[in-house]
Amino acid sequence: MRNLALSCLLLACISLQSCKKNENTKQADAAKAEAEKVVSTQCYKAIYEKDTIDLKLNTLKNGKLTGNMVMKVTSSQKIGEITGEFHGDTLFADYTFVEATNKSVKFKNPMAFLKRESQLILGNGTMQTTMGVTYLVKDKPIDFDNVKYKFSTVDCESK
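Residues numbered from 1 in each chain as written. Predicted model: local features only at pLDDT ≥ 70, side-chain atom pairs only at ≥ 80, totals over all residues. Heavy atoms only, no water.

J.: Explain the packing of aromatic side chains to me, and be specific about the residues and the numbers.
T.: Tallied over the entire structure, the rule returns four aromatic pairs. Relative to Tyr149, the ring of Tyr48 lies with its centre 6.1 Å away and its plane at 75°, an arrangement referred to as edge-to-face. Of this pair, Tyr48 sits in strand β1 (residues 38-48) while Tyr149 sits in the loop between β9 (133-136) and β10 (150-154), placing them 101 residues apart in sequence. Relative accessible area serves as the criterion here: at 10%, Tyr149 is assigned to the buried category. Centre to centre, the rings of Phe97 and Phe107 are 5.4 Å apart; their planes meet at 25°, and the pair counts as stacked. (Phe/Tyr/Trp six-rings, centres within 6.5 Å; stacked < 30°, edge-to-face > 60°. Helix = DSSP H or I, 4+ residues; strand = E, 2+ residues; numbered from the N terminus. Buried < 20%, exposed > 50% of the residue type's maximum accessible area, 1.4 Å probe, protein only.)

Structure (structure tokens):
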């Protein structure tokens, strides 16, 4: 009889503990969703000769940035998503995109933007690929002076 009572008590404790874990998971999911809420949206456009880049950045509550970017460069068009965050006045981001002519292959490139007043300047940095991952080399400076693309703020189009 005593073993039966101990078994029931042990089973009750385990079930209460699993309910508490489920509650903690729900709270963590709610906190994550709250941190990923968009607090502001800003749109930019860069034009260089016949090239045009449209950029839409959403600032999330947790300080990170997400958005969309469409690059119409020479004869190609790249459409994709951008994610990143500011370190000081520099936005370090990853651009995941597909080319309009071949949507079955995804590419991912690192990018760095310098924020000067209301402009974003796309920098030129040395990239390196290791084991299939491309990144900006940390020991090499990023050039923000001799660049093609300087983004100015524009009104966001509602779609």
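Okay, back to it.
J.: Run through the side chain of Asp51, naming residues and quoting values.
T.: Inspection of the secondary structure puts Asp51 in strand β2 (residues 51-60). Of the side chains with opposite charge, Lys148 lies nearest to the buried Asp51, which makes no salt bridge, at 5.1 Å. A polar contact is formed between the side chain of Asp51 and the side chain of Tyr149, at a distance of 2.8 Å. When sequence neighbours within four positions are dropped, the list of residues in contact with Asp51 reads Ala46, Lys72, Val73, Thr74 and Tyr149. (Lys, Arg positive; Asp, Glu negative; His and termini not counted. Salt bridge = Lys/Arg side-chain N within 4 Å of Asp/Glu carboxyl O. Polar contact = N/O pair within 3.5 Å; in protein donor to acceptor, adjacent residues only side chain to side chain. Contact = heavy atoms within 4.5 Å.)

J.: Break down the side chain of Thr90 for me, citing the residues and quoting the values.
T.: Residue position: Thr90 is located in strand β5 (residues 90-99). Here Asp89 takes part through its side chain, which lies 3.3 Å from a polar atom of the side chain of Thr90.

J.: Please set out the nonpolar core residue by residue, giving values where relevant.
T.: Counting residues in hydrophobic clusters, the biggest one holds 20 residues, and the most contacted among them are Leu55, Met69, Ile82, Met111, Phe113 and Phe151. Of all the secondary structure elements, the ones that give two or more residues to this core are β1, β2, β3 (64-73), β5, β6 (102-116) and β7 (119-122). Once you skip the residues sitting within four places of it in the chain, Met69 turns out to touch Ile53, Asp54, Leu55, Lys78, Ile79, Gly80, Ile82, Tyr95 and Met111. Of all hydrophobic cores here, the second largest spans six residues; its members include Ala112, Leu114, Ile121 and Phe144. (Core = buried A, V, L, I, M, F, W, Y, C linked by side-chain atoms within 4.5 Å.)

J.: An account of the environment of Ile79 is requested, with residue identities and associated values reported.
T.: Note that Ile79 resides in strand β4 (residues 76-87). Filtering out sequence-adjacent residues up to four positions away, Ile79 remains in contact with Met69, Val70, Tyr95, Thr96, Phe97 and Val98.

Read these as spatial facts, not as claims about activity.
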